[in-house]
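Observations on the model geometry
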Amino acid sequence: MSTRTEERSVLRPQDACAAHRRIRSRATGARELSYAQAIQEALAIAMEADERVFLMGEDIGVYGGAFQVTGDLVQRFGPERVMDTPISELGAAGVAIGAALTGLRPIFEFQFSDFSALAMEQIVNQAAKLRFMLGGAVSVPLVMRFPSGSGTGAAAQHSQSLEAWFAHVPGLKVVQPSTPYDAKGCLLAAIADPDPVMIFEHKLLYKMKGDVPRGHYTVPLGEARLCRPGRDVTIVATSIMVHRSLAAAKELAGEGIEAEVIDLRSLRPLDRDALTSSVKRTHRLVCVYEGVKTLGIGAEISASIAESDAFDYLDAPILRLGGAECPIPYNPELEKAAVPQTPSIVAAVRDLVHGRR
Amino acid sequence: MGVEDIELRERSAAARARRTVEDAVPMSPATYPRLSNESLRQALHKMHLIRRFEESAEDAYMRGLVHGTMHLSIGQEASAVGICAALEPTDYMTSTHRGHGHCIAKGAQVSRMFAEFFGKEDGYCRGRGGSMHIADVSTGNLGANGIVGGGIPIAVGVALSMKKQKRSSVVASFFGDGANNEGAFHEALNMASIWKLPVIFVCENNGYGMSTSTERSTAVKNVAERASAYSMPGIVVDGNDFAAVVAAAFEAVERAKQGGGPSLIESKTYRVRGHSRSDRNRYRTKEEIETWLARDPIGAFERQLLRQGVVTVSEIDAIRADVEREIADAIAFATASPAPTVEELTRYVYSD
Ligand SMILES: Cc1ncc(C[n+]2csc(CCOP(=O)(O)OP(=O)(O)O)c2C)c(N)n1
Ligand SMILES: [Mg+2]
């Protein structure tokens, strides 16, 4: 694991993404796990270490979760700690908040991120504000996990990317890990966090494999990660778009365009420093995210740059590539066209760098 | 309405709720006072059509022609067709993620349903919705729903609209046992009751919400008992017995049409297939599934119709042959239908 970290830090310019991947190491030797397995491992580690931690959600017990993330945990920890709830998202979210307020550490799996809409009241009006409204007398150490995103043919009500909604709300933390490593580390950081943390996991990433250290480690919430250095343009991406952007960067490198790719990892807190310092190096910025483009995270990133001293460094307009202005359609070709894909990223970045935008 | 009326209604609702599948009314020649023999043959045709539609859709899914997932209602056909037998084409319906049967029962064409599953322009949702959003507004089906419980309050709104506009249509709202634990269910039943709206709430209790049995999810033994909390009749019927479903449906529809307000019918049935395409059936036994397979609603209905002389064996064979032909033609139609173009990605988001 230490070798891996060093390799990464060689790639990392001193001033970007400082202190990223600060590993509090009780962790040892890495091996390959899928994104889903990495999450499951984090859940098991937390439950093993702390009896206050328990899981709530629909069909997370014997069914193993709709995406098999909890898998066989119910066999290991029993149904008291891996609790199947009725189909009652609003009520169950409130139950989790109550438990978190009074000494427990619930981890709530929503079956699909779309169903966060049913629990909006408890998440936005209650969890996010209780500590503030009560003048700091309480805290809500609640973790919520949300399988999200399109690409599975599940159509308009099971494919959304709603993270920006929640990132608008002070009191919530919103993260989007893109690798198995980060999925585990962010989840363990979220569990240790005294405030409500929402983790948006892309459904298409669950089967993706990557190196994951054994044991406990955390990835600090609110720090972006530099995935690929480059001098010509900064691509800041979230979740699955990180992988599409890296693929695009590879292709662009063949044409002599060196793109720097940053994985934002966290929408709130937002790592503005990582963004400004990168833009100062590359002088161009492209934001790539799956949520609907208008009023999405790209708007906040663009505005941050426009408000910062990095603005003077820009050699081109800022570009946003986000979800189309429509619900996710069922037809597979339309579904693909509704969110950024590697070829559309390549084309847009190429045009930007060649001054055609 | 006097206090006595309310008490009476409550008492009869509670009495009905106590009725269980085991003591449901047995068959008799007077089983179908409101349905002609022709209607009964059509009902059998529809049940076969639903079964073969779903089996063929499953087959198409395996061959990669259908995107996403789907929820099959195989084993629940009597419930869908029984409720819809009491509805007019002008009556409305809201459906669920397990909605193929409801859609066909209300009168949709399987050709346009297959076209939807194949993501084509001739699909009922022009390829935008797929299985989980299947709808046919022309026959009053306002749509399947990807959100558990999502259709229930909408049905109440449609009923309010009918009442305000003095239209005689009623609304049937299908939902599963799992949906009865959503707040939307409770809020909707209360409003339908206080405003005496023409809604028939149909809980298709197939024993499970995904992997969670009703025993583990629901505080009452019968969902129908919840009707008494909202002062409406609640009745349990054997959902695999077409006659029982039809009788309850007509009673509820007539009450609604006469201004008597909503009813809750709990149709006890079973989903013999997995919840969706990715179910490993870990939460139930093979024996349980086999017990219910032996209670297949289509076979039972056929035997009953044969016994009562409504159909002959050769007529049943003819129905099956017709259904096969319809399915084959529908798949051919759907295959030939054009796909939507990417240029129209954002069409239908707003009214043009
Ligand atoms: C609000 C909401 N929560 C959860 C789900 C995921 N989900 C889809 S169907 C289902 C089970 C529904 O059970 P039930 O209402 O009994 O209908 P059945 O599937 O048995 O027909 C679940 C949990 C959903 N679609 N919507
Ligand atoms: Mg059910």
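For the structure itself, consult the block above.
Attention in this report is confined to the structure presented alongside it. (Residues numbered from 1 in each chain as written. Chains lettered and ligands numbered in written order. Predicted model: local features only at pLDDT ≥ 70, side-chain atom pairs only at ≥ 80, totals over all residues. Heavy atoms only, no water.)

1. Here's the deal with the site of ligand 1
Threshold: Throughout, near means a residue has at least one heavy atom within 4 Å of the molecule or strand. Pairing of N or O atoms within 3.5 Å defines a polar contact, subject to two protein rules: one partner must be a possible hydrogen donor and the other a possible acceptor, and residues neighboring in sequence count only if both atoms are side-chain atoms. Reported accessibility uses the Shrake-Rupley method at a 1.4 Å probe radius. Residues are deemed covered only where the shown protein chains occlude them.
Contacts to ligand 1 come from 23 residues, most closely from Glu-89 of chain A together with His-97, Arg-98, Gly-146 and Gly-178 of chain B. Each of chains A and B places residues near ligand 1. Between ligand 1 and Ala-179 of chain B, the relevant distance is 3.1 Å, taken from an oxygen atom to a main-chain nitrogen or oxygen of the residue. Separating an oxygen atom of ligand 1 from a side-chain N or O atom of Asn-206 of chain B is a distance of 2.8 Å. Compared with its free state, where it exposes 580 Å², ligand 1 has 97% of that area covered by protein.

2. Here we look at the packing of aromatic side chains
The test is simple: Pairing of aromatic rings covers Phe, Tyr and Trp, the last counted by its six-membered ring, and requires centre-to-centre distances within 6.5 Å; plane angles under 30 degrees mean stacked, over 60 mean edge-to-face, and any other angle means tilted. Numbering of helices and strands starts at the N terminus; helices are DSSP runs of H or I of at least 4 residues and strands are runs of E of at least 2.
Considering all chains together, one arrives at 21 aromatic pairs over all chains under this definition. Look at Tyr-32 of chain B and Phe-242 of chain B: their rings are 5.9 Å apart centre to centre, the planes differ by 45°, and that puts the pair in the tilted class. Of this pair, Tyr-32 of chain B sits in the loop between helix 1 (3-18) and helix 2 (37-62) while Phe-242 of chain B sits in helix 9 (residues 242-257); the two residues are 210 residues apart in sequence, bridging distant segments of the chain. Here the aromatic residues Phe-108, Phe-110, Phe-146, Trp-165, Phe-166 and Phe-200 of chain A are joined through ring pairs into a cluster of three or more.

3. Description of the packing of helix 2 of chain B against helix 5 (residues 110-117) of chain B
Residue and element names in this part refer to chain B. The line we're drawing: Where helices are involved, their axes are fitted lines through C-alpha atoms of the stretch in contact, as for all axes, and angles between N-to-C directions lie from 0 to 180°. Roughly parallel means an angle under 35 degrees; roughly antiparallel, over 145; roughly perpendicular, 65 to 115; everything else is oblique. Handedness of each helix crossing follows the sense of rotation of the near helix against the far helix: counterclockwise by less than a right angle gives left-handed, clockwise gives right-handed. Any pair of residues with heavy atoms lying within 4.5 Å of one another is described as a contacting pair. Residues are sorted three ways: Asp, Glu, Lys and Arg are charged, Ala, Val, Leu, Ile, Met, Phe, Trp, Tyr, Cys and Pro are nonpolar, and all the rest, Gly among them, are polar.
Put simply, helix 2 and helix 5 touch, their axes get as near as 12 Å, and they point 25° apart. Between helix 2 and helix 5, the angle falls in the class roughly parallel. In terms of crossing hand, the pair formed by helix 2 and helix 5 is right-handed. Residues Leu-49, Phe-53, Ser-56 and Ala-57 of helix 2 touch helix 5, and the partners they reach there are Val-110, Met-113, Phe-114 and Phe-117. Residue classes in the contact of helix 2 with helix 5 are distributed as seven nonpolar, one polar and no charged.

4. A closer look at the pairing of strand 7 (residues 263-268) of chain B
Residues and elements named next belong to chain B. Formally: Partly exposed residues are those whose accessible area sits between 20% and 50% of the maximum for their type, while under 20% is buried and over 50% is exposed, using a 1.4 Å probe and protein chains only. The pairing criterion for strands is at least two bridges between them, as found by DSSP.
For strand 7, the tally of buried residues reaches six of six residues, placing the bulk of the element in the interior. Because side chains alternate across strand 7, one face comprises the buried residues Ser-263, Ile-265 and Ser-267, and the other comprises Leu-264, Glu-266 and Lys-268, equally buried. Direction of pairing for strand 3 (residues 199-205) relative to strand 7: parallel, over a ladder of six bridges. Within strand 7, the position partnered with Ile-200 by the bridge is Ser-263. Pairing analysis gives five bridges linking strand 6 (residues 234-238) to strand 7, with the strands arranged parallel. Looking at the pairing, Ile-235 lines up with Ile-265 of strand 7.

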